[in-house]
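For reference, the chains in residue letters:
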Amino acid sequence: QVQLVESGGGSVQAGGSLSISCVASGYTSSNCMAWFRQAPGKEREGVAGIDTGGGYTYYADSVKGRFTISRDNAKNTVYLQMNSLKPEDTAMYYCAAGLRTPLAELRCSVRYWGQGTQVTVSS
């Protein structure tokens with residue numbers, strides 16, 4: 001049973017920073033991990049993805065230059081550093097793990113989802 005457990009969400013003022021993390025446990029053949037988010041009344045969207053082998057990263061245009069995804073394979077952990085946060089970044093952030101797929105969103109075909117961590121940015 002694969003489990004993805006997120007932590008580190010919270011509230012911050014616009015312009016501030018937050019870092020969230022996701023620990024994976026259980027056997028998984030996943031070779032990519034990603035962060036998605038969903039705001040109330042909106043569809044879930046990809047934020048950032050990372051190839052756990054080569055370290056290649058992919059970002060949504062809306063977060064490029066502000067968010068950084070990274071991973072520590074020894075700890076089975078992926079991180080999302082979020083800087084210059086905006087109110088429109090407010091959402092539930094979900095960790096995902098899957099298989100590298102060139103045509104998939106963030107080049108990661110998701111097989112497993114975490115429960116999510118809330119990020120709230122106030123103006």
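See the structure printed just above.
We now turn to the structure provided with this report. In this text the structure is predicted, and so the values were computed from the model without any measurement.

## Some details on the state of the cysteines
Inspection of the entire model under this criterion finds two disulfides. Covalently, C32 is tied to C108 through a disulfide, its sulfur atoms 2.0 Å apart. For the disulfide bridge between C32 and C108, the dihedral angle about the S-S bond is near 85°, and by the sign convention the bridge is right-handed. Taken together, the positions of C32 in strand 4 (residues 32-38) and C108 in strand 10 (residues 108-113) put the pair 76 residues apart, joining distant regions of the chain. Accessibility assignment for this pair places C32 and C108 in one class, buried. For the protein, the disulfide bridges join cysteines in the arrangement 1-3, 2-4, where the cysteines are counted in sequence order.

## Brief notes about the side chain of D89
Along the chain, D89 falls in the loop between strand 8 (77-82) and strand 9 (91-100). The exposure class of D89 is buried, given its relative accessible area of 1%. A polar contact is formed between the side chain of D89 and the side chain of R66, at a distance of 2.8 Å. Ignoring any residue separated from it by four or fewer positions in sequence, one finds D89 in contact with R37, R66, F67, S84, V119 and V121.

## Some points on the pairing of strand 9
For strand 9, the tally of buried residues reaches seven of 10 residues, placing the bulk of the element in the interior. With seven bridges connecting them, strand 4 and strand 9 associate as antiparallel partners. Across the sheet, C32 pairs through a bridge with G98, a residue of strand 9. As paired strands, strand 9 and strand 11 (residues 117-122) are joined by three bridges and run antiparallel to one another.

Rules and cut-offs
By convention here, each chain's residues receive numbers from 1 onward along its written sequence. With pLDDT at 70 or above as the cut-off, local features in this predicted model cover only qualifying residues; side-chain atom pairs require 80 or more to be listed or tallied, and sums for whole chains, interfaces and linings still use all residues. As a rule here, side-chain values cover all heavy atoms of the structure and leave hydrogens and water aside. Disulfides are defined in this document as cysteine sulfur pairs within 2.5 Å. Numbering of helices and strands runs from the N terminus, with a helix taken as a DSSP run of H or I at least four residues long and a strand as a DSSP run of E at least two residues long. Per-residue accessibility, obtained with a 1.4 Å probe over protein chains only, is compared with the maximum for each type, and a residue is labelled buried under 20%, exposed over 50%, and partly exposed between these values. Polar contacts, as used here, are pairs of N or O atoms within 3.5 Å; protein pairs need one atom able to donate a hydrogen and one able to accept it. Residues neighboring in sequence count only if both atoms are side-chain atoms. Note on definitions: a residue-residue contact is assigned when non-hydrogen atoms from the two residues lie within 4.5 Å. Being paired, for any two strands, means DSSP has found at least two bridges between them.

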